[in-house]
Amino acid sequence: MTDPRMNDHEIEALFAAARAERAEPSAALMARIMDDAMIAAAEAAAPRPVAAQTGRRGLLAVLVAAIGGWPALAGVATAGVFGLWIGYAGPGDVGTLTATILGSAYGPNDLVPSLDTYLTEG
């Protein structure tokens, strides 16, 4: 850390001295870097083994890929099964349900407005 009593000219002189010294990497370091680069280039150029299955994809694989993979297919299947369950074991009559929740003061027709409600003037 610099001395807090230094002025701008002294600090600028320190920066100028630091800019004047250029540290060059050693030849040994550059040789090691080039060796690593040549090894990496040889590994990248090496042929990779071909997958065992090179034939066309089946219809199921195409459909699963179109949906988004197996996790998305699991979500679609879960939503379908839940929809079937709701359809089969539904809440029953809506009128009975609204009478139970709201009491007998309101009927099902009071909860769902008709088109006439929106067309009245005034």
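Residues numbered from 1 in each chain as written. Predicted model: local features only at pLDDT ≥ 70, side-chain atom pairs only at ≥ 80, totals over all residues. Heavy atoms only, no water.

## Focus: the overall build of the protein chain
Threshold: Put simply, DSSP H or I for four residues or longer makes a helix, DSSP E for two residues or longer makes a strand, and each gets a number counted from the N terminus. Categorising residues by exposure relies on relative accessible area from a 1.4 Å probe, with only protein chains included: less than 20% of the type maximum marks a residue as buried, more than 50% marks it as exposed, and the intermediate range marks it as partly exposed. Working definition of accessibility: Shrake-Rupley area with a 1.4 Å probe, residue cover restricted to the visible protein chains.
Within the protein chain, the regular secondary structure consists of 7 helices and 0 strands. For the protein chain, the proportion of its 122 residues judged to be buried stands at 3%. For the protein chain, the exposed surface amounts to about 11,200 Å²; the carbon and sulfur share of it is 65%.

## Examining a nonpolar patch on the surface
Rules: Patch membership requires over 30% relative accessible area and the absence of a salt bridge. Like charges are linked within 9 Å, and nonpolar side chains (Val, Leu, Ile, Met, Phe, Trp, Tyr) within 5 Å. Only one rule defines a salt bridge in this text: a Lys or Arg side-chain nitrogen within 4 Å of an Asp or Glu carboxyl oxygen.
A grouping of L29, M30 and I33 is seen on the molecular surface, where their side chains present a nonpolar patch of about 240 Å² in accessible area. On the basis of relative accessibility, which here comes to 39%, the residue M30 falls in the partly exposed class.

## As for the pattern of salt bridges
Per the stated rule, a full pass over the model turns up 1 salt bridge. The salt bridge involving R19 is made with E12; its shortest N-O contact spans 2.9 Å. A relative accessible area of 54% places R19 in the exposed class.

## A closer look at the confidence of the model for the protein chain
Put simply, the rule reads: pLDDT is defined as a per-residue confidence score from the predictor, taking values between 0 and 100.
Confidence in the prediction for the protein chain averages 80 pLDDT; 75% of positions are at 70 or higher. Here helix α6 (residues 108-111) is the element of the protein chain with the lowest mean pLDDT, 64, and helix α2 (residues 27-45) is the one with the highest, 92.

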